[in-house]
Amino acid sequence: MIIEEDRAKPPELVNLYAATSAAFKTLKEEFQVPDTYELALDHVDAAELCLTNTVDIAAIAMRKIQALRWVAKPGVETTNDVVVALAADLLRALDHLVKYCNDQASADSLTKFKYQVVVAARYAGGDGSITRLR
């Protein structure tokens, strides 16, 4: 990994720290995700059933939100490529999950969060070179 420069985390990324809490709670409640989610790792195809099940997709999105919250936290160093990769994975899941919300307020909340993630990733991404964010 080539790191050309260090720079401060953009405010859009730091602001995600607070926003992640609400999105996490919305997914948990809307899709009734249990407190503990188990991954099947007994063989390479074990995830096939989880790739289309809405509760499983919500649980995996919640894990990505936990990771995004950690890298957005002030004082935690990361790199811009990590932020962009997390955002890309999360956006696909959110696009899917919004379609399955039973509550329009939940769908709107997740859509708003998705756009916050997009903006943060764009600012974090910079010019495309790998950069350490502090």
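So, here is what we can say about the structure in this document. (Residues numbered from 1 in each chain as written. Predicted model: local features only at pLDDT ≥ 70, side-chain atom pairs only at ≥ 80, totals over all residues. Heavy atoms only, no water.)

### With respect to the overall build of the protein
- Across its full length, the protein carries five helices and three strands.
- The C-alpha radius of gyration computed for the protein amounts to 16 Å, which stays within 12% of the reference 14 Å derived for 134 residues, consistent with globular compactness.
- When its C-alpha atoms are laid out on the principal axes, the protein stretches across 40 × 40 × 25 Å.
- Out of the 134 residues in the protein, the part that is buried amounts to 38%.
- For the protein, the share of sequence-separated contacts (at least 6 apart) that also reach a separation of at least 24 residues comes to 79%.
- Just so you have it, the protein exposes about 8100 Å², and 54% of that area is on carbon and sulfur atoms.
- Each charge class in the protein can be summarised by its mean position, and for the 15 positive and 19 negative side chains these summaries are 6 Å apart. (Helix = DSSP H or I, 4+ residues; strand = E, 2+ residues; numbered from the N terminus. Rg over C-alpha atoms; globule rule 2.2 N^0.38 Å. Buried < 20%, exposed > 50% of the residue type's maximum accessible area, 1.4 Å probe, protein only. Contact = heavy atoms within 4.5 Å. Areas by Shrake-Rupley, 256 points an atom, 1.4 Å probe, with all protein chains shown as cover. Lys, Arg positive; Asp, Glu negative; His and termini not counted. Charge placed at Lys NZ, Arg CZ, Asp CG, Glu CD.)

### Quick look at the packing of helix α4 (residues 80–98) against helix α5 (residues 104–125)
- In the contact formed by α4 and α5, the axes pass within 9 Å of each other and the chain directions differ by 160 degrees. Relative to α5, the element α4 lies roughly antiparallel. Regarding α4 and α5, the two cross each other, and that crossing is left-handed. Between α4, through N80, V83, V84, A87, L90, L91, L94, D95 and V98, and α5, the contact on the second element is made entirely by A107, L110, T111, F113, K114, V117, V118, A121, A124 and G125.
- For the contact of α4 with α5, a count of residues per class yields 14 nonpolar, three polar and two charged. (Axes fitted to C-alpha atoms, helices over the stretch in contact; angles between N-to-C directions. Parallel < 35°, antiparallel > 145°, perpendicular 65-115°, else oblique. Left-handed = near helix turned anticlockwise from the far one by under 90°. Nonpolar A, V, L, I, M, F, W, Y, C, P; charged D, E, K, R; others polar.)

### Structural notes on the packing of aromatic side chains
- Taken as a whole and judged by the stated rule, the model has zero aromatic pairs.
- Above the plane of the ring of Y17 lies R69, whose end atom (NZ or CZ) is 3.9 Å from the centre.
- Taking NZ or CZ as reference, K114 lies 4.9 Å from the ring centre of Y115, over its face. (Phe/Tyr/Trp six-rings, centres within 6.5 Å; stacked < 30°, edge-to-face > 60°. Lys NZ or Arg CZ within 6 Å of the ring centre and 35° of its normal.)

### As for the sheet that holds strand β2 (residues 78–79)
- Taken together, the three strands give an open sheet; going across it, the order is β1-β3-β2, and neighbouring strands pair in mixed fashion. Of all the strands in the sheet, just β1 (6–7) and β2 have a single pairing partner and so form its edges.
- Of the strand pairs in this sheet, β2 and strand β3 (residues 132–133) are connected by two bridges, and their pairing is antiparallel. Within β3, the position partnered with T79 by the bridge is R132. (Pairing = 2+ DSSP bridges.)

### Remarks on a nonpolar patch on the surface
- Among the surface-exposed residues, L39, L41 and I60 lie close enough to one another that they form a single nonpolar patch of about 320 Å² accessible area.
- Residue classification places L41 among the exposed residues on the basis of a relative accessible area of 73%. (Patch = residues over 30% accessible without salt bridge, like charges linked within 9 Å, V, L, I, M, F, W, Y side chains within 5 Å. Salt bridge = Lys/Arg side-chain N within 4 Å of Asp/Glu carboxyl O.)

### Digging into helix α2 (residues 16–30)
- When the terminal C-alpha atoms of α2 are compared, their 20 Å separation across 15 residues agrees well with the 21 Å that a helix rising 1.5 Å per residue should span.
- Turning to α2, its buried residues number three or more, namely L16, A19, T20, A23, T26, L27 and E30. The buried residues of α2 all sit within an arc of 130 degrees when viewed along its axis, so they share a single face. Projecting away from the buried face of α2 at angles above 90 degrees are the exposed residues A18, K25 and E29.
- Lining the buried residues of α2 we find α1 (11–14), α3 (54–72), α4 and α5.
- Taken from the residues just after α2, Q32 is the one with a positive phi, measuring 50 degrees. (Expected span 1.5 Å × (residues − 1). Arc of directions from axis to C-beta.)

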